[in-house]
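Examining the three-dimensional arrangement
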Amino acid sequence: MLSGCSPLPNVFRVLRAIMRSSRRDLTGLIFVLADVSSRACVWCNSCPVEDSSNRREQLFFPDPQLAVAVAECPTFVARALTNHPSSPPGKGSPASGAERHITTTTTTSLTTAPGTVGAVPVYEADEDGMIDITPGNGGLTNPNYSYSSYSANGGRQDGVGAPSSAANSSAPSITTTAGASSNGGASIGGGEGPGGMSSPTHTRFGRDFHHSDHEDTLTVSFSGKMEGISFAGMTDTSDDIPGIGQYEDFHTIDWQRDIARDRMRHRYIVKKRQDSFWDLLKGAHDAWSGWVCVLLVGLFTGCVAGVIDIGASWMTDLKFGICPQAFWLNREQCCWSSNETSFDSGNCSQWYAWSEIFTSSREGFGAYVISYFFYIMWAMLFALLAASLVRMFAPYACGSGIPEIKTILSGFIIRSYLGKWTLIIKSVGIMLSVSAGLSLGKEGPMVHIASCIGNILSYLFPKYGRNEAKKREILSAAAAAGVSVAFGAPIGGVLFSLEEVSYYFPLKTLWRSFFCALIAAFILRSINPFGNEHSVLFYVEYNKPWIFFELVPFIGLGIIGGIIATLFIKANLWWCRFRKYSKLGQYPVTEVLIVTFITAVIAYPNPYTRMNTSELIYLLFSQCGISNQDPLCDYNRNFTDVNSAIEIAAAGPGVYKAVWLLILALAMKLIMTIFTFGMKVPCGLFIPSLALGAITGRIVGIAMEQLAYNYPKIWIFSGECSTGDDCITPGLYAMVGAAAVLGGVTRMTVSLVVIMFELTGGVRYIVPLMAAAMASKWVGDALGRQGIYDAHIALNGYPFLDSKDEFQHTTLAADVMQPKRNETLAVITQDSMTVDDIETLLKETEHNGYPVVVSKENQYLVGFVLRRDLNLALANARRIIDGITGQSLVIFTSAQPVQNLGPSPLKLKKILDMAPITVTDQTPMETVVDMFRKLGLRQTLVTHNGRLLGVITKKDVLRHVKQMDNEDPNTVLFN
C-alpha cells in the first residue's frame, strides 16, 4: 500500500472541499463508485502519488482542495450529505436509504479551454435507471426532467452524438445533467454563459431510454474527443416486459406515445452508428427500410392485382361458353389465334357457347334457354363459393373494406382484419363475386387487399411491425397502391389515400405512397392483364374539344349524379340497418344466393346488364366509329371516306331501342346495387357507381347530340355544329356522368377527377370533370351529410373522429369528463398501494388506463399508466422477481421507500407515462375535440389548479358528439 492514499483522507478531503465551497456552480453532490477494474485504487491498494502533481496541473476546479482530491486518484468516491445548500431536501439523505452510483473512467487528462469556468457535473442515478437532476439555485425540480449542458458548437441535448468542443477540439466535452447555475451552467470543455445551457429534454416515460433497467451504473468516458455518456445496454421498455407498447383488439392507439417511442429508438440507432461497422449497417438498414417495405408492397400488390384481373375475366366468360382447345383462356384470348378478320363480340369459331356444345346452334329458342340456364347456374355456383369461403375462413373479407381501412388508419385496432387469411379469401372471393354477375366492383376490395399486403410485409421490418403509428404510414402507401392497380391510376391512388382514407399523412408518407403506387402500376403494366397497349381500364380518344355551352349540361349531370347518389346512400343504409337488426342477418349465404339468383334472372335478357359491367362502361365511354356495330351507334350515316370527319346524323331506330334498354339497365343496376352492397361477399362500389353515371351521361349525351343535329344554327352551339361535323360527343357525357355519380356516392373531389382522367386518358376534359364533381358534391352534401363510407362507419359504430367535420357546440371539458363531479375517480397512488390493491382495482373496474396521483388525499397528477401495461408488468414481476407478494408496495417514483420488515417493493416507474396530455376543466370541448383529431389522442386528463378531476377518452368525445347531434350515443363500438 502506497503512502498518502488512505481511503478516509481522500474521501473526506473531497467532502470537505464541497462542503466549504460556496460557489453556485457546484450544483449538487457527486456519487461515484469505482468500476471493478479500478476499485483497488479507491480502497488504496494502489494510488500512484507521483502522478498526482501532473494531474493537478491539468485539472481546473473552483476549489483547489477539491482539485487535489480528485486528482490523486482517477476514480473517486463521494457520498452525499443533505445539509449542503445545493442539495434538495430528501435527495440522498441517509433516511432515504438510497445509494446512487456513478462510474467515471478517466481515459486521458481532463482539460478545459482557457478562460472557461468548469462546472462539476452532478449525477444521481437510482435503481431503475432514472437520473435525478438537482438545480443549483436550491429550488425543487421535477426529477424526471434531465437538463443537458449544451456545448457551444451545437452538441445534442440528449447525449447523442459526439462533436468535439468548440473552444478546444482536443479538450474533452461532456454532456452532463447539470442544473442551472448563476453563470448559466457552463459545460466542461466549452459553452459558457447563458448559451451553454440547453432546454430541458425528457421522455414521455418514467425512465431515460438510454439506460438499461438491468444496469445500476452509468459509465462516463472522458477522452480526447467528447464521447458523451456511454450507456451500457440501451433497451426499449418493450424489451423488458413482453407485450408493453402493444394494444388489445378493438382499442385505439396512442399516436403520441408510439411516435415518441420511435423517436427514442431512432436516437439510440443514430448514437450507436459510430461504434462499429455493423452498427453503421444497422443504421443504414433502418434508414431505407421504409422504402424497401413500400417497394415490396408495390411488387406484391401489382402481382396479386394481375392474378385477380385474369381470373375474374376468365370466370366471367365461363358463364357464356368455353374454349375447348385451351379451357384456361378467356373469350378474347381464345380468339387471338383465330384467322378470321372480324368477329361479333368475340364469338369466333374457336370459342364455343354452352348452347353450341349441347345443341350445335347459337340461335333459336332452345339455344337461348340453355345459355340462360348456364348463365344462372355458374352465377349461383360462384356466389355460393364466395359466400361460403368468407363465412368459413375469413368473416372480415366481406364488403369493400374501405370504411374499416379508414377507421384503422385513424388509429383503431381490428385484429385479423388485415391478416393473411383475409388477404387470401378476399382475393379469391372478389374474383368469384365479380364473375357471379353481381352488381359490384373489385376496385374497393383492391384497397383492402393492398392494405393486407402492407400489414403482413410490415412485420418483416420491426420498425413498422412493432409500432402501430409507424405501421399506418405503410398502410397509407398500400391504399394508394390498391387504387393504382385497380384503375391503372397511380397519381389518383396517392390522392385517394390522402383525401379519402388516411388520417395521418406526413410528407415522407406522400413520397413513399407515390413510389409504392408507381411500382404497383409498373408491375401490373408488365403483366398486362387487359391484353392491350394501355394500362388504364377504359382508354378512350375523343377527337373533338368540348363547347363552352356544354358546361351547363355537365353541371346538370353533376346535379343528377348527386341526387342518384343520395337516393342510393339512403336506401342502402336503410337496407343494411334492416339486415343488421332482423333475422336476415343470421342467414348471410342464403341472402347472397337469393340476390344472385334475382340479379341473374333479370340481367340476362338485357344485353347491357348481361355483359360485364366494365365492358358496359367502356362501351358507353366509346365514340361511335365505322367499326362499332352496337345499336348505340345506329345512326343514319353513310361512311364513304374513312379519313373524313364523322358527320352529325339523325339517330336510327337502334339508338332509340338502346336508350330504352339503358333506362331499364339504370333502374335495375340502381336497385340491385342497393341490395348487394353490404352483403357477406367481397364487393366494391366504384364500378357500379361509374356504370350508373355512365348510363345517365350517355342518355343525356344522345339527347344533346340530336338537339344539335336538329337545331345546328341556334346560338348555344356557337356555330360549331353548323359545319355538319359531329360536334357533340355522347361518350364524353358518359364519362362526366360517371364522375358525377361516383363523386356523389363517395364525396371525393380532387382524387376523383385525377382518377377519371387517368382512367380514360382524357386530360383535355379536366374542366368538365371538375364542374360535375363539385356540383355532385354540393348537391350530395345538401341532401345528406355523409358519403357512403362515412355512413357505413357510423352504421357499424366504429370510433372514427372525422377531421373534416366541425364541432360547433359550446360545452366544456367538465361536462364531458368521467366521472362526473359527484362520483369517485379510480386512481393509483404513486407509493402507497400494494399489489393486491392494484389487482382489486383492475378486477372492479374496466378502464383502459389509470391516472397516478401523489396520494388519495392529495390528488396531484404524477402520470398515467395503461391497464394492459399494468397487467403485463404485474404478471411479469410475479414470474421473474423473487419476494414479490400481494403485500408488496407498488412504487411509481424514483425515491427508494423507507425499508421495513415487509416484502420487497415493486418499482413500475418504467411503464408510467410521465407526460400525459392534460386540459383544465374550463377548456372548451371544441379545443378538446381538435386535440383528439390532430394529435391522435387516446385520452386526456382533466385538472383544476393542478389537481386531477377526471378523464376524457376518445369514446367519451364520440358519445358527446353524437349526443350534440341528437343521435344515439350507445352505437359507438369499442372493446
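Reading the values: the criteria
- The residue numbering used here restarts from 1 in each chain and proceeds along that chain's sequence as written.
- Local features in this predicted model are restricted to residues whose pLDDT is 70 or higher, and side-chain atom pairs enter the listing and the counts only when it is 80 or higher, whereas totals over whole chains, interfaces and linings include all residues.
- To obtain the side-chain values, all non-hydrogen atoms of the structure were included, while hydrogens and water were left out.
- We count a stretch as a helix when DSSP gives it H or I for four or more residues in a row; a strand needs E for two or more, and each element gets its number in order from the N terminus.
- Pairing of aromatic side chains requires ring centres within 6.5 Å, counting the rings of Phe and Tyr and the six-membered ring of Trp. Pairs whose planes differ by under 30 degrees are stacked, by over 60 edge-to-face, and all others tilted.
- Whether a charge sits over a ring depends on NZ of Lys or CZ of Arg being within 6 Å of the ring centre and within 35 degrees of the ring normal.
- Residues count as neighbours in contact if any of their non-hydrogen atoms are within 4.5 Å of one another.
- At least two DSSP bridges between two strands are required for those strands to pair.
- Cysteine sulfur atoms that come within 2.5 Å of each other are treated as a disulfide pair.
- When a residue's accessible area, from a 1.4 Å probe over protein chains only, is under 20% of the maximum for its type it is buried; when over 50% it is exposed; and in between it is partly exposed.
- Between Lys or Arg on one side and Asp or Glu on the other, a salt bridge is scored when a side-chain nitrogen of the former is within 4 Å of a carboxyl oxygen of the latter.
- Both cavities and pockets are sets of points on a 1 Å grid over the protein atoms alone; in a cavity a 1.4 Å probe fits but cannot get out, in a pocket the set is open with protein on both sides within 12 Å along at least five of seven lines, and lining residues sit with an atom within 4 Å of a point.
- Grid points are joined across faces, edges and corners, and a volume is the space filled by probe spheres set on the points.
- Each residue receives one of three labels: charged for Asp, Glu, Lys and Arg, nonpolar for Ala, Val, Leu, Ile, Met, Phe, Trp, Tyr, Cys and Pro, and polar for the others, Gly being one of them.
- Patch building starts from residues that exceed 30% relative accessible area and form no salt bridge, then joins like charges within 9 Å and nonpolar side chains (Val, Leu, Ile, Met, Phe, Trp, Tyr) within 5 Å.
- To be clear on the numbers: accessible area is Shrake-Rupley with a 1.4 Å probe, and residue cover counts the displayed protein chains and nothing else.
- Here Asp and Glu are counted as negative and Lys and Arg as positive; His is not counted, and neither are the chain ends.
- Charge positions come from single atoms, namely NZ of Lys, CZ of Arg, CG of Asp or CD of Glu.

Regarding unusual backbone geometry
Glycine aside, residues mostly have negative phi, and peptide bonds are mostly found in the trans state. With an omega of -5°, the peptide bond between Gln-818 and Pro-819 qualifies as cis. Along the polypeptide, Pro-819 turns up in the loop between α28 (813–816) and β6 (828–829). A positive phi angle, near 65°, is found at Arg-747, a position not held by glycine. Turning to its location among the elements, Arg-747 is positioned in the loop between α24 (730–746) and α25 (750–760). The backbone phi angle of Asn-966 is positive, close to 60°, even though this residue is not glycine. If you trace the backbone, Asn-966 turns up in the segment after α32 (954–964).

Points about the packing of aromatic side chains
Counted by the stated rule, this structure contains 24 aromatic pairs. Sitting above the plane of the Tyr-604 ring, Arg-610 keeps its charged end 4.2 Å from the centroid. The ring of Tyr-860 is capped by Arg-947, whose NZ or CZ atom sits 5.5 Å from the centre of that ring.

A short note on the environment of Leu-866
Among the secondary structure elements, Leu-866 is positioned in strand β9 (residues 861–866). For Leu-866 and Tyr-247, which are 619 residues apart along the polypeptide, the C-alpha to C-alpha distance reads 9.9 Å. Sequence-distant contacts of Leu-866, that is, excluding residues within four places in its chain, are made with Arg-257, Asn-848, Gly-849 and Arg-938.

A word on the sheet that holds strand β10 (residues 889–891)
Read from one edge to the other, the open sheet built from three strands follows the order β7-β10-β11, with strand pairing classed as mixed. One side of each edge strand has no neighbouring strand; the edge strands of this open sheet are β7 (833–834) and β11 (906–907). In terms of strand pairing, β7 meets β10 through two bridges, oriented antiparallel. Among the inter-strand pairings, Thr-834 is bridged to a residue of β10, identified as Leu-889.

Overview of the state of the cysteines
Applying the stated criterion to the full structure yields two disulfides. Residue pairing for Cys-323: its cysteine sulfur links by disulfide to Cys-334, the two sulfurs lying 2.0 Å apart. Taking the torsion about the S-S bond as the criterion, the Cys-323 to Cys-334 disulfide, at about 75°, is right-handed. In this pair, Cys-323 is assigned in the loop between β4 (321–322) and α8 (331–336) and Cys-334 in helix α8, connecting sequence segments eleven residues apart. Like Cys-323, the residue Cys-334 is buried in the burial classification.

A closer look at the environment of Gly-849
Counting through the fold element by element, Gly-849 comes out in strand β8 (residues 849–853). For the pair Gly-849 and Arg-867, spaced 18 residues apart in sequence, the C-alpha to C-alpha distance is 4.7 Å. If near-sequence neighbours (up to four positions away) are discounted, Gly-849 is found in contact with Phe-864, Val-865, Leu-866 and Arg-867.

Some details on the pattern of salt bridges
Counted according to the given criterion, the structure contains 24 salt bridges. Residues Arg-261 and Asp-258 are paired through a salt bridge, measuring 3.7 Å at the closest nitrogen-oxygen approach. With Arg-261 and Asp-258 both in helix α6 (residues 255–272), this residue pair falls three residues apart, about one helical turn. According to the relative accessible area criterion, Arg-261 is buried, its value standing at 9%. Across the salt bridge formed by Glu-468 and Lys-471, the nearest N and O atoms sit 3.6 Å from each other. Note that Glu-468 and Lys-471 are positioned in helix α15 (residues 468–487) at a spacing of three residues, about one turn of the helix. Exposure class is identical for Glu-468 and Lys-471. Each is buried.

What about the layout of surface pockets?
If you add up the space inside the second largest pocket, you get close to 1300 Å³. Together, 46 residues line the second largest pocket, and Arg-785, Gln-786, Ala-794, Asp-805 and Glu-967 are the ones closest to its centre. Mapped by element, the contributors of at least two residues to the lining of the second largest pocket are α16 (490–501), α18 (551–581), α26 (766–783), α27 (788–796) and α32. Ranked by residue count, the leading element in the lining of the second largest pocket is α18, at eight residues. Tallied by class, residues from the lining of the second largest pocket come to 15 nonpolar, eleven polar and 20 charged.

A closer look at the pairing of β9
Within a regular strand, side chains alternate between the sheet's two faces. With five of six residues buried, β9 is to be regarded as a mostly interior element. As judged from the five bridges shared by β8 and β9, these two strands associate in the antiparallel manner. By the bridge assignment for β9, Val-852 is matched with Gly-863.

Points about a negative patch on the surface
On the surface, a cluster of negative charge is contributed by Asp-805, Glu-806, Glu-926 and Asp-965. Structurally, Asp-965 is set in the segment after α32. On the basis of relative accessible area, Asp-965 is assigned to the partly exposed category, the value being 33%.

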